[in-house]
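Examining the three-dimensional arrangement
Here's the letter readout for the chains.
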Amino acid sequence: MKRNWKIIYSNYSGAEKKAIELINKEMGSLILRDPNVYTIHVLACEKADNAVIDKNAVIIGTYNENKFIRDYIDISEIPEDGYVVKVFDNPNQAENKIVIITALNAAEVFYGAVDFVDDFFAYAAPRRNILEFPDELFTQKLPDYYNASAPVFKTRNIFTWGHPINDYMDYIDNMARMKLNELILWNDYVPLNAKEVVDYAHEYGIKVIWG
């Protein structure tokens, strides 16, 4: 069961690509390795157009792009500027789970992916006494889960001097994972790599303002 999973996606670009990469990284760290054993396993990623749900599946994408999502989620469930994460038994394969991560826009799809790996994983991790065992998360059937969420504040920004940012990609990655969507960078002069910074931020739907 631990490796009986696949990711079914609709669009591998921009914020949706970042969402797929985040899930692949965080799930992969839990299901693709055995302690002290050299193994090679793959978490399959399939485009929805050609995919079949024949195992546990994480189905991710904007609502209008993914045929599978529309089978299990009504558009009225998705809050404005928000997302839905739903974990439930596959009605056609009772032994398997389906995870739906969807929104109307790509940036919110990424925030749904963050909810799945940061909030659901902690909620679902096995517990004994007060200890959590995330490494055992996918060794048993996942609990059901439903979260339709939207931010209280539409603009969620951070101010910083540009000079001390040693790795702008890592900085923006962390911003997005905290669901921040505006970066105000203060510099004495326009940085030589200003376009690269802006382009990378835009992949997450993050707006950049130069100070």
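Let us look at the structure shown here. Not measured: the values here are computed from a predicted model. (Residues numbered from 1 in each chain as written. Predicted model: local features only at pLDDT ≥ 70, side-chain atom pairs only at ≥ 80, totals over all residues. Heavy atoms only, no water.)

**What about the pattern of salt bridges?**
Overall, the coordinates contain ten salt bridges when judged by the stated rule. Residue Lys6 pairs with Asp54 through a salt bridge whose shortest N-O separation is 2.9 Å. Note that Lys6 is positioned in strand β1 (residues 5-9) and Asp54 in the loop between β2 (44-47) and β3 (56-62), a separation of 48 residues in sequence. Residue Asp118 is joined to Arg177 by a salt bridge in which the shortest nitrogen-to-oxygen separation is 2.6 Å. Taken together, the residues Asp118 in helix α3 (residues 106-124) and Arg177 in helix α4 (residues 168-177) connect sequence positions 59 residues apart. Arg177 sits in the partly exposed class, given a relative accessible area of 27%. Each member of the salt-bridge network shares a partner with another, and the members are Asp89, Lys97, Lys141 and Asp144. (Salt bridge = Lys/Arg side-chain N within 4 Å of Asp/Glu carboxyl O. Helix = DSSP H or I, 4+ residues; strand = E, 2+ residues; numbered from the N terminus. Buried < 20%, exposed > 50% of the residue type's maximum accessible area, 1.4 Å probe, protein only.)

**A few points about the nonpolar core**
One finds Ile23, Met27, Ile60 and Phe116 to be the most contacted residues of the largest nonpolar core, which totals 49 residues. Ranked by residue count, the leading element in this core is α3, at ten residues. Among residues more than four places away in sequence, those in contact with Phe116 are Ile23, Met27, Val58, Val85, Val87, Val99, Ile101 and Phe121. Of all hydrophobic cores here, the second largest spans 16 residues; its members include Ile53, Ala57, Ile59 and Ile78. (Core = buried A, V, L, I, M, F, W, Y, C linked by side-chain atoms within 4.5 Å. Contact = heavy atoms within 4.5 Å.)

**Re helix α5 (residues 194-203)**
Regarding α5, the residues found buried are Ala194, Val197, Val198, Tyr200 and Ala201. Each buried residue of α5 lies within a common arc of 165 degrees when the element is viewed along its axis, so the set occupies one face. Lining the buried residues of α5 we find α1 (14-31), α4, β10 (182-186) and β11 (207-210). (Arc of directions from axis to C-beta.)

**Remarks on the side chain of Ser10**
Relative to the helices and strands, Ser10 is located in the loop between β1 and α1. Classification of Ser10 by relative accessible area gives buried; the value is 9%. Those residues in contact with Ser10, other than ones at most four positions away along the chain, are Glu16, Lys47, Ile60, Gly61, Thr62, Glu65 and Asn66.

**Details of the sheet that holds β2**
Within a sheet, neighbouring strands are paired by backbone hydrogen bonds and run either parallel or antiparallel to one another. One open sheet holds the six strands; their spatial order is β2-β1-β3-β5-β4-β8, and the pairing between them is mixed. The open sheet is flanked by β2 and β8 (145-149), the only strands paired with a single partner. Between one strand and the next, the sheet's axes are offset by a mean angle of 20 degrees, whatever the strand orientation. Both strand β4 (residues 83-90) and β8 contribute to a ladder of five bridges, which runs antiparallel. The partner of Val85 across the bridge, within β8, is Asn147. Of the strands in this sheet, β1, β2, β3 and β5 (93-103) are in contact with α1, which crosses β3 at around 160 degrees. The strands that α3 touches are β3, β4, β5 and β8; relative to β4, the one it contacts most, it runs at about 55 degrees. (Pairing = 2+ DSSP bridges. Axes fitted to C-alpha atoms, helices over the stretch in contact; angles between N-to-C directions.)

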